[in-house]
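Residue-level listing of the chains:
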Amino acid sequence: MYSLDINFLQDRPTHQKKSEKKIVSSSPAGNLAPLFIGLAVGLSLPLFAGVGWYFLTIQNTQLEEEIALLEGENQRLEAEIGDIKKLKAEADRIKAENQALATVFNQIRPWSAILQDLRDRIPGSVQIDDVEQITPEVASAEGKTKINSGAVNISGFARSPENVNDFLLSLQESRLFDSDKIKILSAEEVDAPIPPEFNRSSESIEVKASKAIKYKIKANFSEIPASELLRELQQKGTVGLVARIRNLQKTGVLQNDAK
């Protein structure tokens, strides 16, 4: 059942010598390989470190140059921002001045337009002797100053109280006056003034004074901006103010909302 396989060649002296020679010759090569590998790794580490340091130096130099450029650009932008702020401040100042000028023009009520409007509205039986301007009142509320448009006192003579009322109603239809703030201050019967063409000292002419109503009416100017009264102002002959307001509307300082 069992077989024995005996190789007697291995026991021969010649075979043993060949085997020993092979073992001795192969062992030195196997021991030097790790040494060469270690030497290669040891030499490559400084090389890699040098190459890395070189690239880091180049990148650091580039970053410093970029930082210098950015700092120069930042200084240039700050200077430009300063110039822009100065220009903006100047523009705001000019805008404020234009707005103030536009406000002044909007509050103007030319005397030529007022007198012409009174001539157009006075009844034939009413006479105007005097038109007195009342200084505009200044009111302050919530830290803001408001100046009203002012008013006029109109005084004269009329044939009857009804004629005075007719004159009052006619003034209330004007857009140059505030219809809610027109009122009769006084109306009393007096001797009518004698026309200057009659000479009282003349003995040949006897003049008998008739009765008349001496009245006084207060009329406040309307708060409607002049830019919305261009049609009325132009009809009353106020050409200069109308031209100035239209120029302000063209430049955008005033809205083009004239009626």
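Residues numbered from 1 in each chain as written. Predicted model: local features only at pLDDT ≥ 70, side-chain atom pairs only at ≥ 80, totals over all residues. Heavy atoms only, no water.

Considering the overall build of the chain
Moving on, step 1. A count of helices and strands for the chain gives five helices and six strands.
Moving on, step 2. Of the regular secondary structure in the chain, the N- to C-terminal order runs α-α-β-β-β-β-α-β-β-α-α.
Moving on, step 3. Considering only intrachain contacts with a sequence separation of at least 6, the fraction spanning at least 24 residues in the chain is 70%.
Moving on, step 4. Just so you have it, the chain exposes about 19,300 Å², and 56% of that area is on carbon and sulfur atoms. (Helix = DSSP H or I, 4+ residues; strand = E, 2+ residues; numbered from the N terminus. Contact = heavy atoms within 4.5 Å. Areas by Shrake-Rupley, 256 points an atom, 1.4 Å probe, with all protein chains shown as cover.)

With respect to the pattern of salt bridges
Moving on, step 1. Applying the stated criterion across every chain, the model contains ten salt bridges.
Moving on, step 2. Between Glu80 and Arg76 there is a salt bridge, and its shortest N-O distance comes to 2.5 Å. Of this pair, Glu80 and Arg76 both sit in helix 1 (residues 13–107), four residues apart, roughly one helical turn.
Moving on, step 3. Since its relative accessible area comes to 35%, Glu80 is described here as partly exposed.
Moving on, step 4. As a salt-bridge pair, Asp117 and Arg121 come within 3.0 Å of each other at their nearest N and O atoms. Residue Asp117 and its partner Arg121 are both found in helix 2 (residues 111–121); the two are separated by four residues, about one turn of the helix. (Salt bridge = Lys/Arg side-chain N within 4 Å of Asp/Glu carboxyl O. Buried < 20%, exposed > 50% of the residue type's maximum accessible area, 1.4 Å probe, protein only.)

Observations concerning the sheet that holds strand 6 (residues 211–221)
Moving on, step 1. Taken together, the four strands give an open sheet; going across it, the order is 1-4-6-5, and neighbouring strands pair in antiparallel fashion. Strands at the two margins of the open sheet, each flanked by one partner only, are strand 1 (126–134) and strand 5 (177–191). For this sheet the average axis-to-axis angle between neighbouring strands, irrespective of direction, equals 20°.
Moving on, step 2. Pairing between strand 4 (residues 151–158) and strand 6: eight bridges, direction antiparallel. Following the sheet pairing, Asn153 is matched in strand 6 by Lys218.
Moving on, step 3. Each of strand 1, strand 4, strand 5 and strand 6 touches helix 2; the most contacted strand, strand 1, lies at about 155° to it. (Pairing = 2+ DSSP bridges. Axes fitted to C-alpha atoms, helices over the stretch in contact; angles between N-to-C directions.)

Points about the environment of Leu118
Moving on, step 1. Within the fold, Leu118 resides in helix 2.
Moving on, step 2. Residue classification places Leu118 among the buried positions, given a relative accessible area of 2%.
Moving on, step 3. Along the sequence, Leu118 and Val131 sit 13 residues apart, while their C-alpha atoms lie 9.8 Å from each other.
Moving on, step 4. In contact with Leu118, other than residues within four places in its own chain, are Ile128, Val131, Ile154, Phe167, Leu171 and Phe177.

A short note on the confidence of the model for the chain
Moving on, step 1. In the predicted model, the chain carries a mean pLDDT of 78, and 71% of its residues have values of at least 70.
Moving on, step 2. Across the chain, helix 3 (residues 161–172) holds the top mean pLDDT of 95, while strand 3 (residues 144–147) sits lowest at 51.
Moving on, step 3. Scored below 50 in pLDDT, residues 21–27 shows zero contacts in the model against residues more than four places distant or in partner chains. (pLDDT = per-residue confidence, 0-100.)

Digging into helix 3
Moving on, step 1. The terminal C-alpha atoms of helix 3, which comprises twelve residues, lie 17 Å apart, in line with the 16 Å expected from a rise of 1.5 Å per residue.
Moving on, step 2. Inspection of helix 3 places Asn163, Val164, Phe167, Leu168, Ser170 and Leu171 among the buried residues, and these make up the whole buried set. Take helix 3 and look down its axis: the buried residues cluster within an arc of 165°, on one side only. (Expected span 1.5 Å × (residues − 1). Arc of directions from axis to C-beta.)

Brief notes about the environment of Arg175
Moving on, step 1. You can see Arg175 is positioned in the loop between helix 3 and strand 5.
Moving on, step 2. Side-chain polar atoms of Arg175 contact the backbone oxygen of Glu228, separated by 3.3 Å. (Polar contact = N/O pair within 3.5 Å; in protein donor to acceptor, adjacent residues only side chain to side chain.)

Let's talk about helix 5 (residues 239–250)
Moving on, step 1. The first and last C-alpha atoms of helix 5 sit 17 Å apart over twelve residues, in line with the 16 Å expected at 1.5 Å per residue.
Moving on, step 2. Those residues of helix 5 not exposed but buried are Leu241, Val242, Ile245, Leu248 and Gln249. Down the axis of helix 5, the smallest arc covering the buried residues is 125°, so these residues share one side. Opposite the buried face of helix 5, at more than 90 degrees from it, the exposed residues are Val239 and Lys250.
Moving on, step 3. Just downstream of helix 5 lies Gly252, where phi reads positive at about 90°.

Points about the nonpolar core
Moving on, step 1. Core analysis: the largest hydrophobic core is formed by 31 residues, its most contacted members being Phe167, Leu171, Phe177, Tyr215, Ile217 and Leu233.
Moving on, step 2. Elements with a minimum of two residues in this core: helix 1, helix 2, strand 4, helix 3, strand 5, strand 6, helix 4 (230–235) and helix 5.
Moving on, step 3. Examining the composition of this core, we find that five residues originate from one element, strand 6, more than from any other.
Moving on, step 4. With sequence-adjacent residues up to four places away left out, Leu233 is seen in contact with Pro110, Ala113, Leu176, Ala226, Thr238, Leu241 and Val242. (Core = buried A, V, L, I, M, F, W, Y, C linked by side-chain atoms within 4.5 Å.)

Notes on the side chain of Asn153
Moving on, step 1. On the secondary structure map, Asn153 appears in strand 4.
Moving on, step 2. If we skip the residues at most four places from it in the chain, Asn153 touches Asp130, Val131, Glu132, Ile134, Leu185, Lys216, Ile217 and Lys218.

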